[in-house]
Amino acid sequence: SLSIHLLLQHRKMASHSLTLFSSSSTFAPFSSHQIHSPNLSTVRFPRPINTKPNHHSLRCSVSIEKEVPETERPFTFLRDSDDDSTHSSSVRARFEAMIRAAQDSVCEAIEAVESGPKFKEDVWSRPGGGGGISRVLQDGNVFEKAGVNVSVVYGVMPPEAYRAAKGSASSDQKPGPVPFFAAGVSSVLHPKNPFAPTLHFNYRYFETDAPKDVPGAPRQWWFGGGTDFTPAYIFEDDVKHFHTIQKQACDKFDPSFYPRFKKWCDDYFYIKHRDERRGLGGIFFDDLNDYDQEMLLKFSTECANSVVPAYIPIVEKRKDMEFTEKHKAWQQLRRGRYVEFNLVYDRGTTFGLKTGGRIESILVSLPLSARWEYDHKPEEGTEEWKLLDACINPKEWI
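Reading the values: the criteria
Residues numbered from 1 in each chain as written. Predicted model: local features only at pLDDT ≥ 70, side-chain atom pairs only at ≥ 80, totals over all residues. Heavy atoms only, no water. Helix = DSSP H or I, 4+ residues; strand = E, 2+ residues; numbered from the N terminus. Buried < 20%, exposed > 50% of the residue type's maximum accessible area, 1.4 Å probe, protein only. Contact = heavy atoms within 4.5 Å. Areas by Shrake-Rupley, 256 points an atom, 1.4 Å probe, with all protein chains shown as cover. Phe/Tyr/Trp six-rings, centres within 6.5 Å; stacked < 30°, edge-to-face > 60°. Lys NZ or Arg CZ within 6 Å of the ring centre and 35° of its normal. Pairing = 2+ DSSP bridges. Axes fitted to C-alpha atoms, helices over the stretch in contact; angles between N-to-C directions. Core = buried A, V, L, I, M, F, W, Y, C linked by side-chain atoms within 4.5 Å.

Colleague: Sorry, what's going on with the overall build of the protein here?
Modeller: Along the backbone of the protein there are 11 helices and 12 strands. Within the protein, buried positions represent 55% of all 398 residues. Residue pairs at least 24 apart in sequence account for 73% of intrachain contacts in the protein once pairs closer than 6 positions are excluded. For the protein, the exposed area adds up to about 18100 Å²; of that, 50% sits on carbon and sulfur atoms.

Colleague: Help me understand the packing of aromatic side chains, please; the structure alone is not making it clear to me.
Modeller: What characterises a pair of aromatic rings is the spacing of the ring centres plus the angle enclosed by the ring planes. This structure, assessed with the given rule, holds 27 aromatic pairs. Measuring from centroid to centroid gives 5.3 Å for Y154 and F181, while their planes differ by 65°, and the two rings are edge-to-face. Of this pair, Y154 sits in strand β6 (residues 143-157) while F181 sits in strand β7 (residues 178-191), placing them 27 residues apart in sequence. We classify F181 as buried; its relative accessible area is 1%. Looking at R92, its charged tip hangs above the ring of F181, at a distance of 4.3 Å from the centre.

Colleague: I tried to follow the sheet that holds strand β5 (residues 130-138) on my own but got confused; where do I start?
Modeller: Sheet strands line up and pair through hydrogen bonds in the backbone, either parallel or antiparallel. Spatially, the eight strands line up as an open sheet ordered β3-β4-β5-β6-β7-β8-β9-β12, and their pairing is antiparallel. A strand with exactly one partner marks an edge of an open sheet, and here the two such strands are β3 (68-70) and β12 (282-288). In this sheet, neighbouring strand axes are inclined to one another by 15° on average, regardless of whether the strands run parallel or antiparallel. Direction of pairing for β6 relative to β7: antiparallel, over a ladder of 14 bridges. Directly across from A146, in β7, lies its bridge partner L189. Strands β9 (220-230) and β12 of the sheet are contacted by helix α5 (residues 257-268), whose axis makes an angle of about 95° with β12.

Colleague: When you look at the nonpolar core in this model, what are you seeing that I'm missing?
Modeller: If you look at soluble globular proteins, the nonpolar side chains tend to sit buried side by side. Formed by 68 residues in total, the largest nonpolar core has its most connected members in I110, F143, L189, F223 and L280. Apart from residues lying up to four places away in sequence, F143 is in contact with I110, V113, E114, L137, L189, H190, P191, K192, Y311 and V315. With eight residues, the next largest nonpolar core counts C265, Y268, I271 and F284 among its residues.

Colleague: Hey, could you run me through the environment of L297 in this one?
Modeller: Within the secondary structure, L297 sits in helix α6 (residues 293-305). The residues contacting L297, other than those within four sequence positions of it, are R94, F95 and F223.

Colleague: How should I be thinking about the pairing of β5 in this particular structure?
Modeller: Regular strands place side chains that alternate from one sheet face to the opposite one. Burial within β5 is extensive, with seven of its nine residues counted as buried. Sheet topology places strand β4 (residues 120-125) next to β5; six bridges connect them, and they run antiparallel. Looking at β5, one finds that S125 is bridged to G131. The turn linking β4 back onto β5 is made up of four residues, and G129 within it adopts a positive phi angle of 120°. Two strands pair when backbone bridges link them, and β5 and β6 are joined in this way by nine bridges, in the antiparallel orientation. If you follow G132 over to β6, its bridge partner there is S151. Hairpin connection between β5 and β6: a loop of four residues separates the two successive antiparallel strands, and D139 in this loop has a positive phi of roughly 55°.

Interpretation note: all reported values are geometric properties and have no functional meaning in isolation.
Below, the structure is given as C-alpha cells:
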C-alpha cells in the first residue's frame, strides 16, 4: 500500500478517502453500502469505518495513473523534466536512493537468514513518471511472508485536498488541481516461528507543487515513517534491544524524538474495537516539516538503516526455538489482530482499496494465515496474557 500510504498517513489529508456524511452514530460508513453481519460459516471483512462522530468530509478524487509492468529496474523513477529533481543533490533524488538502498539491505539480510529462498521481484512504472519495486518472499524456511516495497509516485490532488494540506487557503481562493510527489519504502516481515516477532517499517517523503492557476504558492513538503515491533510472546531482552536501537537513532538528532514518537506509535497502532494495541510499539512520526529539511532526510535515513540491526539479531535468536500447536495458535490469533488493524484502521490500506491502487502491493502486509476464535481470553498469568496486557497497557521498555 506504499503509494497510498505515503499520501494518507498525513493526518491533515485523511479526509481524501471519505465520502461526505453527517452522523451522530459512533461508526459511520464511508460509502452507501451496508455492512452485513457474517453468517457462521463465512467471515467477511467490513468496509472501512470512521470512528469519529459528527465528522464532515469531502469526496476527493486523487489522480494516479495505472501501473505498467517492467522487465528491468530503472536507474531512477524520477521524471527527467522534474525541474532539478534528477540532480543527485535534490531531496527527491537522495530520498529515492535511500529507500532503494534500504530495500536492498533488508532483502539481503532476510535472504541471508533464509539460506536459500529468494525474493520474487516485480518492477512497475507509470506512463507519466514514477513507479516501484515490489519484493515478496513467501513460505520460506524462516519467514511465512516478507514484503519490502519501494514506490515513487506522481499524481494530482483536487483543490479540497490542497487546502486541507496547506491549512491556510482563504475560503474565496479556488486553486485548481495540485500536482504531488510521494516516495517511500514499506515492509512487513512475518516469521513462521511464534517466538520470532513480526516487524513493520515505513519511511516516506511527500511534496505538493503550487497549483497551476495560483503561481507563486509555496511548495509543501513533509516526512513520515516509523518502525514497530509485533511479537506473539514477550522476551524482554528482545523488546529492550529493539527499543534501544530506535532510541539511539532518535537521540542522534533530538532527545525529544524517541519519547514523542514512541507515544505516537502506541496511539496510532490502536485497535479501537479491541481496546488494545497491535503490538509493542516502536516509533512513528508524520507531518514532519517543522525541522530543517536536510536534518529530517538524515533522520529518516538513520531510522531506515536501523531496521536490520534492530530486528535481524532477534530473528536469528528465535527462529529455531521449539514450539507447540498452542504457541502457533496464539501467534495466529495475534495475526488476526494484525489483519483487523490493517483492513479497518490503516489509512493507507483503506484508501488504496477505494482508489484502485496496486492491489498486490496494498495487501502485501497481510500474513499468509490468521485465526479467529470466539470470545478467546488467555488465562491470567500465562505468557499469552502477559502479551495481551502489554498491548492493552503500553509500557516503557527502556
